[in-house]
Amino acid sequence: MRRIRANAILILTVAWILGTFYYLWQDSRPSSSSSSSSGSQLKNHGRLEERTLPLIVTRAPKLEQQGQLLGQFDQKAFLSSKQLKAGEDPYREHAFNLQESDRLGSERTIRDTRHYRCSSMTFDPDLPPTSIIITFHNEARSTLLRTIKSVLMRSPPHLIQEIILVDDFSSDPEDCRLLSQIPKVHCLRNERREGLIRSRVRGASAASASILTFLDSHCEVNTDWLQPMIQRVKEDHTRVVSPIIDVISLDNFAYLAASADLRGGFDWSLHFKWEQIPIEQKMARNDPTQPIRTPVIAGGIFVMDKGWFNRLGQYDTHMDIWGGENFELSFRVWMCGGSLEILPCSRVGHVFRKRHPYDFPEGNALTYIKNTRRAAEVWMDEYKQYYYAARPSAQGKAFGSIADRLALRRKLNCNSFRWYLENVYPELKIPEQDAAYSLLKQGGLCLESHGTDSLGLAECKSTPSIPASQKWTLIEPQIRQHDLCLAITAFTAGSKVRLEPCNIKESRQKWKPRGPALQHMISGLCLDSQPPSGPPLVAQCRPQVASQSWEPQLVT
Ligand code: LR7
Ligand code: MN
């Protein structure tokens, strides 16, 4: 009896110990149900992972190491000479809580927010070093110093060739001068306000390493952030790579993990947003350490080969202050032969703000319009009409000459924006245009849909009683009715046509006008109403045949 009881106690004890281990192990993995609602804007906080317990921390280096890191630089004096005065609004100058930032000082430990499998990744022993480029305009001393120190503390020293600061004409030139005392840090000061785009180009031109790494001036890089990015760029110099950007709270400076299932996207007004990875890609991801292809990058934190940066035309230096350069770079990289990806095993924290703490000499809205208009005019081809439709105030606003950027695009022999939409961002919906419906007339008859499977000819109706079934939107290459598109069912003459959900990648849905006829682009066949009573089909094109003539008539 006693033996049975002893055994029972032993079994319970073992189970308890195993259970505890299992619980701890579970807890140190990112939760799988963490995807938060698809982020909606640049400064949103809707992309945080649910788990926020600090479990694994990155240790700060010992004091003697720190001495070596900072050389002659006196960080105490640097920070203490410029702190918040009693009674001052801590948010006023930087749009984040300066008091909290100052309280943290020049460094701290942060949680390693990577997936647990990232720590077993291996990298080439001979990765090339990088030049880090940080532009700043009136950045708070504590956030700027933490950015620099986090780089020095959490990167393998041999991978940091130098840190190039570009002081974009901040009010106090001392910041730049003092920080240059830190080993490996150089600071270039602009003689007038240039904005972040020209400042980055200046920093990049001064860089001596073959790989460029851009950071905002209020970041904290996390454990082993750099190796995954340099590895990917070393393998293929046309890749432009970003980390997952964790959130540093603008109120209390807590370091919070961002969701790992997001990528960069945008709407037609060229407003950046975080969005969920498309479901098919998510299902296919069985390795959480794999890169995530992204249509655009947020813009501030990325690694790029220097030769590739130069060959692709750096940045559009006629863009001012802030905004739009991330679209221009992203379109250019994809359309001219490169790719963009987010590396989930690289994490960098960034203080997301709700407003700009600095002034825009020409006004915030006008500057954003000028910059995005330049991106749209140079890269978006006929699709720029949707940008103007979504941002009517952009029409007629000055944006300067784009001749050199167009010449660059020609020289690099870049793909079209349609190619980009089809191959990189097929999820971006082409908007319905209210005013651009047409009838497709053949004599007195009009092409009409009856449900999705059946099409036919019927007597044309006139305004105001035109039924939706006779209204077509002709957006080359598609012939649309709301979200449905006219498609051939097979690539042979005599095949039926029907309506199916639009998909810009689908070659069966691509048409172009050929004289009065509508020609299917790939098969070369033409839309034909023969026999007149039966459903329309595709047939060999015969110019001037009445059954192949479709006269579009705009209805407003
Ligand atoms: O006139 C200026 N001169 C500058 O040097 C204005 C700004 N800057 C500096 C500034 O000090 C900071 O270091 O430029 C950097 C970016 O400015 P922020 O931090 O005010 O911009 P942001 O974080 O709101 O903006 C994001 O979008 C910008 C569009 O132009 C840039 O691409 C930023 O780099 C970018 N930041 C990120 O991608 C970090 C992640 C945020 C997201 C999403
Ligand atoms: Mn920023």
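Residues numbered from 1 in each chain as written. Chains lettered and ligands numbered in written order. Predicted model: local features only at pLDDT ≥ 70, side-chain atom pairs only at ≥ 80, totals over all residues. Heavy atoms only, no water.

- Looking at an unreviewed UniProt entry, the protein chain carries the name Polypeptide N-acetylgalactosaminyltransferase, with the source organism given as Cyprinus carpio.
- Entered under Subcellular location (unreviewed entry) in the UniProt record, the comment concerning the protein chain runs "Golgi apparatus membrane". (UniProt positions renumbered as here; feature names shortened; annotations may be inferred.)

### Some details on the site of ligand 1
- If you check the shell around ligand 1, you find 26 residues, and the closest are Arg-200, Ser-217, Gly-323, Glu-325 and Tyr-358.
- In the model, an oxygen atom of ligand 1 is placed 2.7 Å from a nitrogen or oxygen of the Gly-300 main chain.
- Separating an oxygen atom of ligand 1 from a side-chain N or O atom of Tyr-358 is a distance of 2.5 Å.
- In the complex, the protein chains occlude 97% of the 810 Å² of accessible area that ligand 1 would expose alone.
- Residues of the shell around ligand 1, tallied by class, amount to eleven nonpolar, nine polar and six charged. (Near = heavy atom within 4 Å. Polar contact = N/O pair within 3.5 Å; in protein donor to acceptor, adjacent residues only side chain to side chain. Areas by Shrake-Rupley, 256 points an atom, 1.4 Å probe, with all protein chains shown as cover. Nonpolar A, V, L, I, M, F, W, Y, C, P; charged D, E, K, R; others polar.)

### Notes on the coordination of the manganese ion (ligand 2)
- For the manganese ion (ligand 2), the full set of protein donor atoms is Asp-216 (OD), His-218 (NE2) and His-350 (NE2), at a range of 2.2 Å.
- For the manganese ion (ligand 2), the single-chain donor residues occur in sequence as D-x1-H-x131-H. Accessibility assignment for this pair places Asp-216 and His-218 in one class, buried. (Donors = N, O, S within 2.8 Å, 3.2 Å for Na, K, Ca; no water. Buried < 20%, exposed > 50% of the residue type's maximum accessible area, 1.4 Å probe, protein only.)

### Some remarks on the environment of Cys-219
- Mapping Cys-219 onto the fold places it in strand S5 (residues 219-221).
- Judged by its relative accessible area of 1%, Cys-219 falls in the buried class.
- Once the C-alpha coordinates of Cys-219 and Ile-148 are considered, the two residues, 71 residues apart in sequence, prove to be 8.6 Å apart.
- Excluding its chain neighbours within four sequence positions, the residues that come into contact with Cys-219 are Arg-146, Thr-147, Ser-150, Ile-248, Ile-301, Val-348, Gly-349 and His-350. (Helix = DSSP H or I, 4+ residues; strand = E, 2+ residues; numbered from the N terminus. Contact = heavy atoms within 4.5 Å.)

### A look at the packing of helix H12 (residues 364-379) against helix H14 (residues 403-411)
- Put simply, H12 and H14 touch, their axes get as near as 10 Å, and they point 40 degrees apart. Here H12 lies oblique to H14, going by the angle between them. In this structure, H12 crosses over H14, and the sense of that crossing is right-handed. Residues Arg-374, Glu-377, Val-378 and Trp-379 of H12 pack against Arg-405, Leu-406 and Arg-409 of H14.
- When grouped by side-chain class, the residues that make up the contact of H12 with H14 number three nonpolar, no polar and four charged. (Axes fitted to C-alpha atoms, helices over the stretch in contact; angles between N-to-C directions. Parallel < 35°, antiparallel > 145°, perpendicular 65-115°, else oblique. Left-handed = near helix turned anticlockwise from the far one by under 90°.)

### As for the confidence of the model for the protein chain
- Averaged over every residue, the pLDDT of the protein chain is 89; residues scoring 70 or more account for 87%.
- Low confidence marks residues 52-56, where pLDDT is under 50. Its contacts with residues over four positions away, or in another chain, come to eleven contacts.
- Taken over the whole predicted complex, pTM reads 0.78, whereas the ipTM for its chain interfaces reads 0.98. (pLDDT = per-residue confidence, 0-100.)

### Brief notes about the nonpolar core
- With 103 residues, the main nonpolar core has Ile-163, Leu-215, Phe-331 and Tyr-420 as its most contacted residues.
- Discounting chain neighbours no more than four positions away, the residues touching Ile-163 are Ile-132, Ile-134, Ile-148, Val-151, Leu-152, Lys-184, Val-185 and His-186.
- Leu-455, Trp-472, Ile-488 and Leu-499 belong to the second largest nonpolar core, which has 15 residues in total. (Core = buried A, V, L, I, M, F, W, Y, C linked by side-chain atoms within 4.5 Å.)

### Describing the packing of aromatic side chains
- A complete count under the given rule lists 20 aromatic pairs for this structure.
- Their ring planes at 45 degrees and their centres at 6.1 Å tell us that Tyr-383 and Tyr-386 sit as a pair that is tilted.
- Owing to a relative accessible area of 2%, Tyr-383 belongs among the buried residues under this scheme.
- Put simply, the rings of Phe-266, Trp-268, Phe-327, Phe-331, Tyr-383, Tyr-386, Phe-417, Tyr-420 and Tyr-425 pair up and form one aromatic cluster.
- The positively charged end of Arg-47 is found above the aromatic ring belonging to Trp-274, 4.4 Å away from the centroid.
- One Lys or Arg, Arg-141, reaches over the ring of Phe-78 and ends 4.3 Å from the middle of that ring. (Phe/Tyr/Trp six-rings, centres within 6.5 Å; stacked < 30°, edge-to-face > 60°. Lys NZ or Arg CZ within 6 Å of the ring centre and 35° of its normal.)

### So, the pattern of salt bridges
- Taken as a whole and judged by the stated rule, the model has 40 salt bridges.
- With a shortest N-O distance of 2.6 Å, Lys-149 and Glu-107 are connected by a salt bridge. Highlighted residues: Lys-149 in helix H5 (residues 141-154) and Glu-107 in the loop between helix H4 (98-104) and strand S1 (130-136), separated in sequence by 42 residues. Summarising the burial analysis for this pair, Lys-149 and Glu-107 share the class buried. (Salt bridge = Lys/Arg side-chain N within 4 Å of Asp/Glu carboxyl O.)

### A closer look at the state of the cysteines
- Using the criterion set out here, one finds six disulfides in the structure.
- A sulfur-sulfur separation of 2.0 Å characterises the disulfide bridge that pairs Cys-176 with Cys-187. Disulfide Cys-176-Cys-187: torsion about the S-S bond near -115 degrees, hence left-handed. Of this pair, Cys-176 sits in helix H6 (residues 174-179) while Cys-187 sits in strand S3 (residues 185-189); the two residues are eleven residues apart in sequence, bridging distant segments of the chain.
- The exposure class assigned to Cys-176 is buried, which follows from its relative accessible area of 5%.
- Residue classification places Cys-187 among the buried positions, given a relative accessible area of 16%.
- When the cysteines of the protein chain that form disulfides are numbered from the N-terminus onward, they connect as 1-5, 2-3, 4-6, 7-8, 9-10, 11-12.
- Left unpaired, Cys-219 is separated from the closest cysteine sulfur, that of Cys-187, by 16 Å. (Disulfide = S-S within 2.5 Å.)

### Some remarks on unusual backbone geometry
- For the bond running from Glu-476 to Pro-477, omega is 5 degrees, close enough to zero to count as cis.
- Along the chain, Pro-477 turns up in the loop between strand S16 (472-475) and strand S17 (478-481).
- Its identity is not glycine, yet Asn-413 carries a phi of approximately 55 degrees, on the positive side.
- Within the secondary structure layout, Asn-413 lies in the loop between H14 and helix H15 (417-423).

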